[in-house]
Amino acid sequence: MTDFLPIRGFDHVELYVGNAKQAAHFYDRVFGFRPVGKLGLETGVRDRASYYMQQGNVRLIFTSALSPDSEINRFCALHGDAAKVIGLEVGDVEATMREVKARGATVIQPAQGFEDKNGVLKTGVVRYAGDCVIKFVERQHYRGTFAPGFEPIQAFGSEAVGLAAIDHIVTNVYLGEMNYWAGWFERILGFTQLTHFTDKEISTEYSALMSKVMENGSGKIKLPINEPAEGRKRSQIEEYLDYHCGPGVQHIAMSTKDICKTVRMLRQRDIDFLRVPDAYYDSLLKRVGNIEEDVDELRDLGILVDRDEDGYLLQIFTQPVQDRPTLFFEVIERHGSRGFGVGNFKALFVSIEEEQRRRGNL
Ligand code: FE2
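**Regarding the coordination of the iron ion**
Here's step 1: All of the protein donors around the iron ion are H168 (NE2), H251 (NE2) and E330 (OE); their distances to the metal are 2.0 to 2.2 Å.
Here's step 2: In primary-sequence terms, the residues that donate to the iron ion follow H-x82-H-x78-E. With H251 in strand β14 (residues 248–256) and E330 in strand β17 (residues 328–335), this residue pair connects regions lying 79 residues apart in the sequence. For the pair H251 and E330, a shared accessibility class is recorded, and that class is buried.

**Points about the pairing of strand β13 (residues 222–228)**
Here's step 1: Within β13, seven of the seven residues are buried, which leaves the element mostly enclosed by the surrounding structure.
Here's step 2: Summarising the sheet, strand β12 (residues 209–215) and β13 pair through seven bridges and their orientation is antiparallel. Residue pairing for β13: M210 is matched across the bridge by E227.
Here's step 3: The turn linking β12 back onto β13 is made up of six residues, and G219 within it adopts a positive phi angle of 80°.

**Digging into the side chain of S70**
Here's step 1: With respect to the helices and strands, S70 occurs in the loop between β4 (58–65) and α2 (71–79).
Here's step 2: Residue classification places S70 among the buried positions, given a relative accessible area of 8%.
Here's step 3: Only 2.9 Å separates the side chain of S70 from the backbone nitrogen of I72, close enough to count as a polar contact.

**Structural notes on the pattern of salt bridges**
Here's step 1: Counting across every chain of the model gives 16 salt bridges.
Here's step 2: One salt bridge connects E42 with K38, and the closest N-O pair in it is separated by 3.2 Å.
Here's step 3: Across the salt bridge formed by R74 and D69, the nearest N and O atoms sit 3.1 Å from each other. The same class applies to R74 and to D69, which are both exposed.

**What about the domain arrangement of the protein?**
Here's step 1: Domain annotation for the protein reports domain 1 (9–152) and domain 2 (163–359).
Here's step 2: In this structure, domain 1 and domain 2 have C-alpha centres spaced 25 Å apart.
Here's step 3: Contact with domain 1, which involves 39 residues of that partner, is made by 37 residues of domain 2.
Here's step 4: Counting each side, the surface lost to burial between domain 1 and domain 2 is near 3,100 Å², with a carbon and sulfur contribution of 73%.
Here's step 5: Three residues, F10, F31 and Y128, lead the burial of domain 1 against domain 2; their summed loss comes to 22% of the area buried on that side.
Here's step 6: Applying the counting rule to domain 1 against domain 2 returns zero salt bridges.
Here's step 7: At the junction of domain 1 and domain 2, the tally comes to eight residue pairs in polar contact (both at pLDDT 80 or more).
Here's step 8: Only β1 (7–16), α1 (20–29), α2, β5 (82–90), β7 (119–127) and β8 (133–138) provide two or more residues apiece to the side of domain 1 that touches domain 2.

**Things to note about the pairing of β7**
Here's step 1: As defined by bridge partners, strand β6 (residues 107–116) adjoins β7 across seven bridges and the pair is classed as antiparallel. Bridged to G113 within β7 is K122.
Here's step 2: Here β6 folds back onto β7, and the loop between the two strands holds two residues.
Here's step 3: Bridge count for β7 against β8 is six bridges, and the pairing is antiparallel. Bridge pairing links T123 to V137 in β8.
Here's step 4: Where β7 folds back on β8, the antiparallel hairpin that results is connected by five residues, among which G130 adopts a positive phi of roughly 60°.

**Examining the side chain of D167**
Here's step 1: Mapped onto the secondary structure, D167 falls in strand β10 (residues 163–172).
Here's step 2: Non-local contacts of D167, meaning those with residues more than four positions away in its chain, are made with F10, K222, A253, M254, S255, I332 and R334.

Procedures and definitions
- Residues numbered from 1 in each chain as written.
- Predicted model: local features only at pLDDT ≥ 70, side-chain atom pairs only at ≥ 80, totals over all residues.
- Heavy atoms only, no water.
- Donors = N, O, S within 2.8 Å, 3.2 Å for Na, K, Ca; no water.
- Helix = DSSP H or I, 4+ residues; strand = E, 2+ residues; numbered from the N terminus.
- Buried < 20%, exposed > 50% of the residue type's maximum accessible area, 1.4 Å probe, protein only.
- Pairing = 2+ DSSP bridges.
- Polar contact = N/O pair within 3.5 Å; in protein donor to acceptor, adjacent residues only side chain to side chain.
- Salt bridge = Lys/Arg side-chain N within 4 Å of Asp/Glu carboxyl O.
- Domains from an automatic or database assignment.
- Contact = heavy atoms within 4.5 Å.
- Buried area = accessible area lost by both parts, 1.4 Å probe.

Next up, the structure:
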């Protein structure tokens, strides 16, 4: 079967935030993203300011409104600082939009070319869960900084922490909607279901969730979808949905080739990670077998390990990166494993629930 919608990879994620200038500073100083481009009043754009930040192949855009009557402000009033756009790079936006429209996608912006002296960037936008959209980007005929309207920033930025690429992006949806969106990815984008976790596998006394991992034809794009399951108390997914006021991006996982170095640098820059019970490391080697890393160092840094039939992975989760308990980041290093650390979910849930309890939300 041919892939009717070949996707080259994640292009970018755009976040709508209250103060893009300060957000850009945080992602530079703390996460080591380099400020590369800017769009705003100085570049002739009147209604918004955007910062284009880059590390490895990870591109993040932070956008704020410049006037009160703005869809960006309405988005932030409802959701807080949050991911608005998941950008996917394709070779042919016209063909992509033709395919997804014929298959029933809700088109927000038809295929359109944006031109400046550096060439043409083509995009097309479809509606995704909640207020999120998926933007298809064709950039092989554009040589400029990110997109027309952006101008390069002359800044060195802080030392990078080794983030290399977006590994996966997870969306939380309401109870009963996971199957709809899994089917949507199959029908509209030709994705297949990689794995399915039920509440039997992912539950604690209080919290439970169900998850389906959707993957595109090349395996480059992995988009898990979570929904809450019935638990004794409010699950972490419900807490997200309450504070985000609807479905949205729960976490963005970024890969690194040296997770110990990345996490050590992030900790030095005061990033808070989910605390892992110390007992987790006592039984670690029995659970995952031999690994290259030193267990004492992993314990010291709070890095989790999981193994499946293909290999193992190392991962860690930040605390939410804004006051609302919504969006957070994951750092992941894969050694063969194509999974998502399901063996860690239980240990992690205990930790997440402890944080929820501290927030009075359990
Ligand atoms: Fe993840």
